[in-house]
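Chain by chain, the residues:
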Amino acid sequence: MALKSEDIGKIRNAEISDIERVVEIANSSLTEYYTTNLMMDLYHSWRDAFMVYTLNDRIIGFIAGGKFSRTEARILLLAVEEKFRHLGIGKALMNDFIDLCRMHNIMSIRLEVRTDNTEAIHFYQKYGFSTISTIRAYYSDSSDAYLMWKLI
Ligand SMILES: CC(C)(COP(=O)(O)OP(=O)(O)OC[C@H]1O[C@@H](n2cnc3c(N)ncnc32)[C@H](O)[C@@H]1OP(=O)(O)O)[C@@H](O)C(=O)NCCC(=O)NCCS
């Protein structure tokens, strides 16, 4: 899908009223199942790091970050609605998240990604994430995850 010149894409902090839509994107993009309650917990864990990308006021992507320690952040969830992928939306969300982390004196970011999710792995590699280790049976279907990490 191409964006039109009149389309307006924006990133803003998520609000509680956005959570249902975010759950919808998560469950259509990711293999784990996310409930509204779980998403609310993520939202409350670090509200500034829960951001949505809107196109003409409709949410089409989001990122949920968390703190792993005082100086390390985590990307908990990142997803863009399928028909809007490869348009730079993931990149925009990632850049805003990194900027936020820098403002909070975070020095590194970690994340887990399914070992068969080559699309996301390429995306993260492009942003300088390296694979640190493999976590066996990380997901509910017993699939493995790569732990990826980046200094910022
Ligand atoms: C991973 C994801 C968020 C990327 O979002 P996106 O909006 O499509 O990514 P962007 O368009 O911003 O891509 C930025 C860069 O990442 C790389 N990239 C993105 N998709 C890629 C792919 N399929 N293959 C290789 N590289 C890719 C490209 O280098 C791209 O830069 P370029 O367009 O200048 O070449 C998106 O694919 C997605 O929602 N996937 C499903 C959910 C998911 O797997 N999330 C991660 C779970 S850990």
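Remember, predicted model here, so these are calculated numbers, not experimental data. (Residues numbered from 1 in each chain as written. Predicted model: local features only at pLDDT ≥ 70, side-chain atom pairs only at ≥ 80, totals over all residues.)

Undergrad: Run through the overall build of the chain, naming residues and quoting values.
TA: Each helix and strand counted, the chain has 4 helices and 7 strands in total. Against the compact-globule benchmark of 15 Å for 152 residues, the chain has a radius of gyration of 15 Å, which places it among compact chains. With respect to the three principal axes, the spread of C-alpha positions in the chain is 45 × 35 × 30 Å. Within the span of the chain, comprising 152 residues, buried residues form 26% of the whole. Sequence-distant contacts in the chain: of pairs separated by 6 or more residues, those separated by 24 or more amount to 58%. (Helix = DSSP H or I, 4+ residues; strand = E, 2+ residues; numbered from the N terminus. Rg over C-alpha atoms; globule rule 2.2 N^0.38 Å. Buried ≥ 20, exposed ≤ 12 C-beta atoms within 10 Å, placed from the backbone. Contact = placed C-beta atoms within 7 Å.)

Undergrad: Give me the site of the ligand: which residues, what numbers.
TA: In the neighbourhood of the ligand, 19 residues make up the surrounding shell, with Arg 85, Gly 90, Lys 91, Glu 119 and His 122 lying closest. The set of elements that each furnish at least two residues to the shell around the ligand consists of β4 (72-80), α3 (89-103) and α4 (118-126). The element that contributes the greatest number of residues to the shell around the ligand is α4, accounting for 5 residues. Residue classes in the shell around the ligand are distributed as 9 nonpolar, 6 polar and 4 charged. (Near = placed C-beta within 6 Å. Nonpolar A, V, L, I, M, F, W, Y, C, P; charged D, E, K, R; others polar.)

Undergrad: Can you lay out the nonpolar core for me, pointing to particular residues and giving the numbers?
TA: Of all hydrophobic cores here, the largest spans 34 residues; its most connected members are Met 51, Phe 62 and Ile 63. Secondary-structure elements contributing two or more residues to this core are α1 (19-29), α2 (36-45), β2 (50-55), β3 (58-67), β4, α3, β5 (108-114) and β7 (145-151). Per element, the largest residue contribution to this core is 6 residues, and it comes from β4. If near-sequence neighbours (up to four positions away) are discounted, Phe 62 is found in contact with Ala 14, Val 22, Ile 25, Met 51, Val 52, Tyr 53 and Ala 79. (Core = buried A, V, L, I, M, F, W, Y, C linked by C-beta atoms within 7 Å.)

Undergrad: Go over the pairing of β2 with me, naming the residues and quoting the values.
TA: In the sheet, strand β1 (residues 9-13) pairs with β2 via 5 bridges, with the strands oriented antiparallel. From the neighbouring strand, Gly 9 faces β2, where its bridge partner is Leu 55. With 6 bridges joining them, β2 and β3 adopt antiparallel strand pairing. Each bridged residue has a counterpart across the sheet, and for Leu 55 the counterpart in β3 is Arg 58. Linking two consecutive strands that pair antiparallel, namely β2 and β3, is a turn of 2 residues; a positive phi of about 50° is found at Asn 56 within it. (Pairing = 2+ DSSP bridges.)

Undergrad: So what's going on with the sheet that holds β4? Which residues, and what values?
TA: Ordered in space as β1-β2-β3-β4-β5-β7-β6, the 7 strands form an open sheet in which the pairing is mixed. Every other strand in the sheet has two partners, leaving β1 and β6 (130-135) as the edge strands with one partner each. Going from strand to strand, the sheet's axes swing by 25° on average, the running direction of each strand aside. Pairing of β5 with β7 involves 7 bridges; the strand directions are antiparallel. Residue pairing across strands places Leu 111 opposite Met 148, the latter belonging to β7. In the packing of α3 onto the sheet, contacts are made with β1, β2, β3, β4 and β5, and the angle to β3 comes to roughly 35°. (Axes fitted to C-alpha atoms, helices over the stretch in contact; angles between N-to-C directions.)

Undergrad: Any chance you could break down the packing of α1 against α2 for me, citing the residues and the numbers?
TA: Orientation of α1 relative to α2, taken along the N-to-C sense of each, is 110°, at an axis distance of 10 Å. Between α1 and α2, the crossing angle belongs to the class labelled roughly perpendicular. The two elements α1 and α2 meet at a crossing, and its hand is right-handed. Contact residues: α1 offers Ile 19, Glu 20, Val 22 and Val 23, while α2 offers Thr 36, Met 39, Met 40 and Tyr 43. Grouping the constituent residues of the contact of α1 with α2 by class yields 6 nonpolar, 1 polar and 1 charged. (Parallel < 35°, antiparallel > 145°, perpendicular 65-115°, else oblique. Left-handed = near helix turned anticlockwise from the far one by under 90°.)

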